[in-house]
Amino acid sequence: MGAPIFPSCSYLVAVSSSADFELQIQAAGQRHQCQVFLCNSLETFDQAMSVIANPIGIVVDFTQSEPDLPGRLRVSLEKFFKSVPVLAFRHSSVSGYDYAKVVLLHKPVSLNDWLVPIDEYFASMVAKNLDLALRHSANEIFPRFFSALGSFSSIPVYQAADGFQINYSLSGGDLIGLGVSRVKVKELENMLSPEQRSKLMDTLKEATNQCLGLIIQQVAKIGQSLKLGLPTVFDLSKMPTVRSLRFFPSAQVADPRALISMQVGFIHLTRGAMLEFPKDFGSGDSGDIEFL
Amino acid sequence: MSAPKDPVDLENYFIIEVENLRVGSELPFDCFLYLERNQKVLHWIRNGTVFSPDRKEKLEKLEKPRVLILKTAVPSFKQYTGMPTGTPEAQIIRGNKVGREDAIHVTGGAGKGADVIHVRGKVLVEDPIRVFGGISKQTLGAKAKSPGTLERNAESTNANRLKVDATFLNVAVTSTQAVISNICKIQVQLEATSKRSDAQKSTFPIDVASFIGLTSQTIRGTIGLCFPEQTFLALVNAATDLIFTDVQPELAIGAGEFMYQIFETTRLNLNGLGYEIDQAVPSLVLGRGLSVLHVMPDPGFTIQFKSPAGPFRFEIGIKTGG
């Protein structure tokens, strides 16, 4: 039995009758921590759309479809979702899908044929320049606490950690954000002195706090005011499955050994407007960050 | 602004500190006196009247004077006293005057001079004033009737005292009941309220949980909604009219859905009272025999509910120390 639709959850709607596609899109949902609702017929799609008020996006596999399905589906899509990003996989080009990003696949379809366009599709939802802002913030802050870490660089998807996850919520009006650091605690401890190890969790919370503080400064430059909440710490050995109810299109960065990864994403609860971060961050003026 | 027709309908009033009334100033709200012995409310000072020195002198001669204002007058009172508009009403009630060791005040806010939780046994049941913005007799009465069962608050002299807002707790309870009833058509009853440190010693099984951060000008913390597997399945089955027998990750989202709807209901109700709680999105966790202590290390309350679907818990951890 399929899972029900939960009204407050955000869904990526996927339409296909192909088992391969189903596996790949579900795996993509896991990689990007996004809930996928899979429809295997137009009727299911119409029913789902009557309940899912604001889908994150729609991914359609036309490679296995019946001849008339694309036309009927096109009518449904055009009717409701011109503002939602649509990704369509086809074997041959066809006109009339101006609102969709169409990816032409060659038969037989290999694994990468699905993965790369889907990951790029998710990346396109992320606030513009957020990856730059996050990379800058992480490189400003984390080396101050962990000098042996190395530079943070962008990574395409979040990396699971087998240690701890620290969640911070950011909020300001209808704009909310989620900042997550994931830490391989045991490996990190090996780099630290005994005194540093005893304070590791507090240090990590503080570093994440400061990193997100710099992000908040960047958001303030584009006219949005955000507050940072208290950290929620999850021991991943005791809580193997941790996810957010809503999908936050996020940028991710990590150090070279992926001992610490940071993920930050934003959503606007009432409208689909995307944030655009400035490209110029200036120097790290963290002296005026308010700490908890 | 007129008093409610029933002068002993205490739900329409808030207690204020006499010290907040400036001698010689014109009061922009009506003030009432609650006479405990007679269980009566008197209209003491009319809106627009100067608070004179002799009025204050007469008040101080009364035993346990209780000065009230109407709930509708709270914005005027805040403006008069210069309190921030986001100050929750419960903060107006400063329990430090009634500092008896074994008295319950569930007062609020994170401001100076707040606020301690003591426990007063039988008097709580008999003293309706305490329940205005506080937890009702039904929620604390069972404990309150047995004075010896609740320890005296040894933190009364501790600077890092637990600051708990009774209005917040009450609204959280009623919102939980309303949301579960609305979604699942199941009546939920409050079973017990206890300190988190006490509740953690129990063996209550938690298999699915959802957590959401709480931020506002006066409250910071984390709220958790925790279910045993069977309770969660029963609630989800009732909510969906489907029959699920196993909690898979895509079904565990339901915990986040319950949490979000309860949080939004609570938030909207509290914001209507001036709390200004920020929006947030819950995280959910799935496992077996989850321990939530490390997730919510801050002190606070555990509110246990019972229902035909089974028991579940609401955890509230509040950041102390400002």
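Remember, predicted model here, so these are calculated numbers, not experimental data. (Residues numbered from 1 in each chain as written. Chains lettered and ligands numbered in written order. Predicted model: local features only at pLDDT ≥ 70, side-chain atom pairs only at ≥ 80, totals over all residues. Heavy atoms only, no water.)

A.B. asks: Sorry, what's going on with unusual backbone geometry here?
C.D. replies: Among all residues except glycine, the phi angle is most often negative; among peptide bonds, the trans geometry is most common. Even without a glycine there, the phi angle at A:Ala258 is positive, about 55°. Here A:Ala258 lies in the loop between strand S12 (250-254) and strand S13 (260-268). Here the phi dihedral of B:Lys185 falls at roughly 60°; this positive angle occurs in a residue that is not glycine. (Helix = DSSP H or I, 4+ residues; strand = E, 2+ residues; numbered from the N terminus.)

A.B. asks: So what exactly am I meant to see when it comes to the pairing of strand S8 (residues 175-183) of chain A here?
C.D. replies: Remember that side chains alternate between the two faces of the sheet whenever the strand is regular. Residues and elements named next belong to chain A. Burial analysis of S8 places nine of its nine residues in the buried class, which makes it a mostly covered element. Neither face of S8 is open: one carries Leu175, Gly177, Gly179, Ser181 and Val183, the other Ile176, Leu178, Val180 and Arg182, and all of them are buried. In terms of strand pairing, strand S7 (residues 164-172) meets S8 through nine bridges, oriented antiparallel. Bridging from a neighbouring strand, Tyr168 pairs with Gly179 of S8. Counting the residues that bridge the hairpin from S7 to S8 gives two residues, and of these Gly173 lies at a positive phi of roughly 65°. With nine bridges connecting them, S8 and S13 associate as antiparallel partners. By the bridge assignment, Ser181 is partnered in S13 with Met262. (Buried < 20%, exposed > 50% of the residue type's maximum accessible area, 1.4 Å probe, protein only. Pairing = 2+ DSSP bridges.)

A.B. asks: Explain the packing of aromatic side chains to me, please; I cannot follow it from the model alone.
C.D. replies: Two descriptors summarise a pair of aromatic rings, namely the distance from one centre to the other and the angle between the planes of the rings. All names here are of chain A. Taken as a whole and judged by the stated rule, the model has 16 aromatic pairs over all chains. Look at Tyr11 and Phe37: their rings are 6.0 Å apart centre to centre, the planes differ by 80°, and that puts the pair in the edge-to-face class. Placement of the pair is Tyr11 in strand S1 (residues 11-15) and Phe37 in strand S2 (residues 35-39), with a sequence separation of 26 residues. When its relative accessible area of 3% is taken as the criterion, Tyr11 is described as buried. Aromatic side chains Phe21 and Phe89 sit 6.1 Å apart centroid to centroid with 65° between the ring planes, which places their arrangement in the edge-to-face category. Taken as a pair, Phe21 in helix H1 (residues 19-32) and Phe89 in strand S4 (residues 86-90) lie far apart in primary sequence, 68 residues in all. (Phe/Tyr/Trp six-rings, centres within 6.5 Å; stacked < 30°, edge-to-face > 60°.)

A.B. asks: Could you clarify how one ought to interpret H1(A) in this entry?
C.D. replies: Residues lying three or four places apart along an α-helix face the same way, a consequence of the helix completing one turn every 3.6 residues. All names here are of chain A. Between the first and last C-alpha of H1 there are 20 Å, a value that for 14 residues agrees with the 20 Å anticipated at 1.5 Å per step. For H1, the complete set of buried residues consists of Phe21, Gln24, Ile25, Ala28, Gly29 and His32. The arc enclosing the buried residues of H1, seen along the axis, measures out at 145°, which places them on a common side. Turned more than 90 degrees away from the buried face of H1 sit Ala19, Asp20, Leu23 and Gln30, all of them exposed. You can read the cap of H1 off the contacts: a side-chain oxygen lies 3.3 Å from the backbone nitrogen of Asp20, and it is on Ser18. (Expected span 1.5 Å × (residues − 1). Arc of directions from axis to C-beta. Polar contact = N/O pair within 3.5 Å; in protein donor to acceptor, adjacent residues only side chain to side chain.)

A.B. asks: For this particular structure, what's the right way to read the interface of chain A and chain B?
C.D. replies: Frequently, the measure chosen for interface size is the accessible area removed from exposure when the parts meet. The interface of chain A with chain B comprises 35 residues on the first partner and 31 residues on the second. Contact between chain A and chain B buries roughly 3,100 Å² in total, counting both sides, with carbon and sulfur atoms accounting for 66%. Inspection of the chain A/chain B interface yields one salt bridge. Linking A:Lys227 and B:Asp278 is a salt bridge whose minimum nitrogen-to-oxygen distance equals 3.0 Å. Run the count over chain A and chain B and you get six residue pairs in polar contact (both at pLDDT 80 or more). A breakdown of the residues in the side of chain A that touches chain B according to their chemical character gives 18 nonpolar, 10 polar and seven charged. (Contact = heavy atoms within 4.5 Å. Buried area = accessible area lost by both parts, 1.4 Å probe. Salt bridge = Lys/Arg side-chain N within 4 Å of Asp/Glu carboxyl O. Nonpolar A, V, L, I, M, F, W, Y, C, P; charged D, E, K, R; others polar.)

A.B. asks: Would you mind going over the confidence of the model for chain B with me for this structure?
C.D. replies: If pLDDT is low for a region, its predicted coordinates should not be looked at in detail. Residue and element names in this part refer to chain B. Scored by pLDDT, chain B comes out at a mean of 69, with 65% of its residues at no less than 70. Put simply, helix H4 (residues 122-126) is where chain B has its lowest mean pLDDT, 23, and helix H8 (residues 229-240) is where it has its highest, 91. Confidence estimates for the predicted assembly give a pTM of 0.69 and an ipTM of 0.85. (pLDDT = per-residue confidence, 0-100.)

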